[in-house]
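Listed below are the residues making up each chain.
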Amino acid sequence: MCGCYYLSKEGKANLERRFSFISLHTKTGDIFPGQDALIIKPQGKQLICVPWHWGKDRIINARMETIFTKPTFKEAILKNRCVIPADAFYEWDAFKQKVKFDSDKMLYLAGICIQDDFVIITQDANEVVSPIHDRMPVLVEDLSVWFSDDFRTIFSSQSVALQSHQAYYQERLF
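Everything in this summary refers to the structure shown in the same document. (Residues numbered from 1 in each chain as written. Predicted model: local features only at pLDDT ≥ 70, side-chain atom pairs only at ≥ 80, totals over all residues. Heavy atoms only, no water.)

Remarks on the pairing of strand β5 (residues 46–54)
Each regular strand displays side chains that alternate between the two surfaces of the sheet. The condition is simple: Strand pairing follows a simple DSSP-based rule, namely that at least 2 bridges must link the two strands. The secondary structure listing takes helices from DSSP runs of H or I that are at least 4 residues long and strands from runs of E that are at least 2 residues long, numbered from the N terminus.
Pairing between strand β2 (residues 20–21) and β5: two bridges, direction parallel. By the bridge assignment, Ser-20 is partnered in β5 with Ile-48. Pairing between β5 and strand β9 (residues 117–124): two bridges, direction parallel. Bridge assignment links His-53 to a residue of β9, and that residue is Asp-117.

Right, dumping it as structure tokens:
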């Protein structure tokens, strides 16, 4: 599951240089469900960065494994894909300590737009995330593929190298 992610001011500034912006007045820092946040989506032949609302009727994530069959998602995955730019995403360990997952470059979380809301697509966790949580966002490395008819290949080719960071680590005594 993805329940919090982070977009830095520097990350947003890099997006402003790379993409057309509809609104520059959007949140940076920790971003939680229910907030407006930046997404990248196609408009005509270009990609634009726009503010969108995270969560549809309290649904914040969609499972990759069932996205093509769930009535809420099946049209959006075919026609309204987006990516959510992030410097990192977070999960909490069994001791309620925040664990940050990031990369050497901007992360693009796969998402879909449903009307004025977006949800993040999740998958089984990889070897870096699985010690903390069983789900993680689908990470998009090539935006041109995600926004093409070949987008399904993203689901089988996860190669973004993640690192985990934790401020405190609780040792188990027994």
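A few points about unusual backbone geometry
A positive phi is found at Arg-58, a non-glycine position, where the angle reads about 70°. By the element assignment, Arg-58 lies in the loop between β5 and β6 (61–63). With phi around 55°, Gln-115 is a residue other than glycine that occupies positive phi space.

Focus: helix α1 (residues 9–18)
For the record, the criterion: Residue burial is assigned from relative accessible area. The probe radius is 1.4 Å, only protein chains are included, and a residue is buried under 20% of its type maximum, exposed over 50%, and partly exposed in between. Each C-beta atom gives one direction from the helix axis, and the arc is the one those directions make. Contact between two residues is taken to exist if any of their heavy atoms lie within 4.5 Å; hydrogens are not considered.
Along α1, the residues classified as buried are Gly-11, Lys-12 and Leu-15. Each buried residue of α1 lies within a common arc of 100° when the element is viewed along its axis, so the set occupies one face. Relative to its buried face, α1 has exposed residues pointing more than 90 degrees away, namely Lys-9, Glu-10 and Arg-17. Of the surrounding secondary structure, the elements contacted by the buried residues of α1 are β1 (5–7), β2, β4 (36–43), β5, β7 (81–92) and β8 (98–114).

Quick look at the state of the cysteines
Basically, it comes down to this: Cysteine sulfur atoms that pair up within 2.5 Å are treated as a disulfide.
On inspection of all chains with the given rule, the structure shows zero disulfides. The thiol of Cys-113 is unpaired, and the distance to the nearest cysteine sulfur, on Cys-82, comes to 3.8 Å. When its relative accessible area of 6% is taken as the criterion, Cys-113 is described as buried.

What to know about the packing of aromatic side chains
Just so we agree on the cut-off: To pair, rings of Phe, Tyr and Trp, with the six-membered ring standing in for Trp, must have centres within 6.5 Å; the planes then decide the type, stacked if under 30 degrees apart, edge-to-face if over 60, and tilted in the middle. Geometrically, a lysine NZ or arginine CZ counts as sitting over a ring once it is within 6 Å of the ring centre and also within 35 degrees of the ring normal.
In total, this model carries seven aromatic pairs according to the counting rule given. Seen from their ring centres, Trp-54 and Phe-118 are 6.1 Å apart, and the 5° between their planes marks the pair as stacked. You can see Trp-54 sitting in strand β5 and its partner Phe-118 sitting in strand β9, a full 64 residues away along the chain. Note on accessibility: Trp-54 and Phe-118 belong to one class, buried. Pairing Trp-146 with Phe-151 gives two aromatic rings, centres 5.9 Å apart and planes at 90°, and the pair type is edge-to-face. Taken individually, Trp-146 and Phe-151 each receive the classification buried, so the pair is uniform in this respect. Joined through ring pairs, the aromatic side chains of Phe-68, Trp-146, Phe-151 and Phe-155 make up one cluster. Across the ring face of Trp-146, the terminal group of Arg-81 is positioned such that the distance to the ring centre comes to 5.8 Å. Positioned above the aromatic ring of Phe-151, the side-chain terminus of Arg-81 is 3.8 Å from the ring centre.

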